[in-house]
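# Reading the structure
For reference, the chains in residue letters:
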Amino acid sequence: MSEEDSAEFTSSGLGRSNLEKLERLRREGIEPYPYSYPATHSPEEVRRDFTELLQTVQVVRVASRVFAHRTAGKKLAFLDLAPTVDDVRHDRKLQVMVRKEDIDETSWIVLQNCSLGDWMGVEGSCFLTGKGEPSVLAKRLTILCKSLRPIPVPKIFDRVDGTVGEVYTLQDIDTLGRYPELDMLTRRKASVLVARSKILGAVRKTLTEDFGCIELETPFLGPYFGGATATPFVTHLNALSQDVFLAISPEIELKRAVVGGLGSGGSLGRGVFFIARNFRNEGIDRTHNPEFTSVEVYIPFVDYTFMMQVTENLYTRACEAVHGQPTCRLRQTLLDFSKPWPRLPMLQLIRDASGFDLENWTVEVLRSELRRRGLHLQQPMDGLTDAKLIESRAQFLDLLRRTGIDRLYPDLEARAPGEIAALVLRHKLHQGVNLDQEWDFLVLDLFDIYCEPLLLEPCHVTLHPAKSTVLCKESRTGALPNGQRLIERFESFAAGMELSNAYSELNDAFVQRQLVEEQATAREAGDQDAMPHNEPFLRAIELGLPPCGGLGIGIDRMTMLLTDSSTIREVIAFPMTF
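Residues numbered from 1 in each chain as written. Predicted model: local features only at pLDDT ≥ 70, side-chain atom pairs only at ≥ 80, totals over all residues. Heavy atoms only, no water.

What follows concerns helix α11 (residues 304–323). The α-helix winds at 3.6 residues per turn, so residues separated by three or four positions along the chain end up facing the same way. The end-to-end C-alpha distance of α11, which contains 20 residues, comes to 29 Å, matching closely the 28 Å that a straight helix rising 1.5 Å per residue would cover. Of the residues making up α11, those classed as buried are Tyr304, Met307, Met308, Val310, Thr311, Glu312, Leu314, Tyr315, Thr316, Ala318 and Cys319. (Helix = DSSP H or I, 4+ residues; strand = E, 2+ residues; numbered from the N terminus. Expected span 1.5 Å × (residues − 1). Buried < 20%, exposed > 50% of the residue type's maximum accessible area, 1.4 Å probe, protein only.)

See the structure below:
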């Protein structure tokens, strides 16, 4: 232990007490960090099989953490064992009764030097207390690991409505944010991560068993990047004296694998997929993290409409894996993934929500209307105190009316100042639209402002502007009256959050080369999000990519949705700390 850590322990009463107990155990010849323990049951398993264990008088050996230590006189004590506080919260703990006359001297010394958070091994037999509590009567205690740092267990209190509440100190909340293992121990993060594991298993099983796809690994490091519009991380490969990019998507390599015949049927599978880590050097917010997990799948001989079925199946199976049924609650909304998801054309959604006639308006007319509504203006939202919120209420209401957002909320006038400010943020009215953008990107901004926050039920938003990606086929409907074009792309949404992204994949080698070269030119002109020239990819497309549907689903957001989590940090085991 460093001098700094030693100073921290000695300045902390709990830390100093734990160190003293550790030394006492060692003086008594008791090893506080043994190599193993032959456990037979977890606390949850003892409770599950309690009737059988009680009837057969089996000896059990349970290993878990101590989350409560109660004494009843000098010769009787009770311990509560559980892996996490969440197990205690949901009554998956196991009570252990320790009587001095039933255990040996070493076990009694272990009990006297026990602290909350210690890993303990208990050998004994099952019995019911007078109050009917399933318990273990201890015959032997074994310290498995002496905890040196205190665990910030919340204070429990009874609410007026009869439910149980919990409260952490601000210091505890800060600590939990910086040390995810404590978050796992004391809040619901461990159960969320178990659900995430079930989701990953369901995704893999659905793609391999239901659709016959094969799993393929693609590189995380390479001389190129592509598959999304994003700023990559750059690192240096010493062995080759070369800068390389961290992957922003596995799309390019998976398509090259399809060119190579993988996923084309028979023993080669009926599609390829990869559950990949992606790295994008961009912002951090409620639904974005620079490092995230996605599944991408490419299936030959189908178009993007088939990938809608794949999306719906993946979400339905994942929900069933977590909840045992295809429905779940996200705050006040009941989501049913088993029903057919509506297919909603993007331009129609925007027209219905805002009145913008995007099929007929030229980019000049569109810019004029954006300027008239003040959508190009930024609205500072930092440092809004309660007093400022009240003071700014009229200003925010005027902004919502001027932009037409008020039409979407009939009860707007009755809302509190904080709710009205939240609507400004939710509809991104504070950011301001860049009027110098082309028609395609203005359309995408309008969708973000007017439509995305209102897409609560699972749905597919189809037919996006052509320049939103360079890897997708044009729509078979042809050019719009204003000369603009759309592509066969859909994004899935629920709870106001994007869930997936899919294309009818572009396989015309001449068009693909032209679009990639335009991206490379933009990158040379300073657009760091633009895709660099990738000759190996273009040569692969020239070899022949069959008609193909492609799909990407964010595993982190899927987990957020299925576990009712508010932020992406809650569903990542070890999110970025600051």
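Still to come is the rest of the account.
Glancing now at the sheet that holds strand β3 (residues 94–99). Read around the closed barrel, 5 strands run β1-β2-β3-β5-β4, paired in mixed fashion. Direction aside, the axes of adjacent strands within the sheet are offset by 55° on average. Lying on the sheet, helix α6 (residues 105–112) is in contact with β1 (59–71), β2 (76–82), β3, β4 (119–128) and β5 (134–145); it crosses β5 at an angle near 80°. (Pairing = 2+ DSSP bridges. Axes fitted to C-alpha atoms, helices over the stretch in contact; angles between N-to-C directions. Contact = heavy atoms within 4.5 Å.)

A separate point is the sheet that holds strand β9 (residues 221–222). Spatial strand order, β9-β11-β10: 3 strands in an open sheet with antiparallel pairing. The sheet terminates laterally at β9 and β10 (234–237), the two strands that pair on one side only. Two strands pair when backbone bridges link them, and β9 and strand β11 (residues 242–246) are joined in this way by 2 bridges, in the antiparallel orientation. Considered in β11, the bridge of glycine 222 is made with phenylalanine 245.

By the criterion of burial, strand β20 (residues 548–554) is predominantly enclosed, with 6 of the 7 residues buried. Pairing geometry for strand β13 (residues 291–300) and β20, over 7 bridges, is antiparallel. The partner of serine 294 across the bridge, within β20, is glycine 554. Bridge analysis of strand β19 (residues 497–504) against β20 gives 5 bridges, and the strand direction is antiparallel. Residue serine 504 lies in a different strand from β20, and its bridge partner there is glycine 549.

Time to look at the side chain of arginine 196. Tracing the backbone through its elements, the reader meets arginine 196 in helix α9 (residues 189–210). In this structure, arginine 196 is in contact with Arg277, Thr293, Ile555, Asp556, Thr559, Val571 and Ile572, ignoring residues within four places of it in sequence.

Remark: α9 packs on α11, axes separated minimally by 8 Å, with the N-to-C direction vectors making an angle of 135°. Regarding the angle of α9 to α11, the classification is oblique. When you trace α9 past α11, the crossing you get is right-handed. The segment α9 lies against α11, with Ala195, Lys198, Ile199, Ala202, Val203, Thr206, Leu207 and Asp210 engaging Val310, Asn313, Leu314, Arg317, Ala318, Ala321 and Val322. (Parallel < 35°, antiparallel > 145°, perpendicular 65-115°, else oblique. Left-handed = near helix turned anticlockwise from the far one by under 90°.)

Per the stated rule, a full pass over the model turns up 37 salt bridges. The salt bridge partner of aspartate 398 is arginine 402, with a shortest N-O separation of 3.1 Å. In this pair, aspartate 398 and arginine 402 both sit in helix α14 (residues 386–403), 4 residues apart, roughly one turn of the helix. When its relative accessible area of 41% is taken as the criterion, aspartate 398 is described as partly exposed. Judged by relative accessible area, which is 32%, arginine 402 ranks as partly exposed. The partner of arginine 513 in a salt bridge is glutamate 542, with the nearest N and O atoms 2.9 Å apart. One end of the pair, arginine 513, is in helix α17 (residues 509–524); the other, glutamate 542, is in helix α18 (residues 535–544), and 29 residues separate them in sequence. (Salt bridge = Lys/Arg side-chain N within 4 Å of Asp/Glu carboxyl O.)

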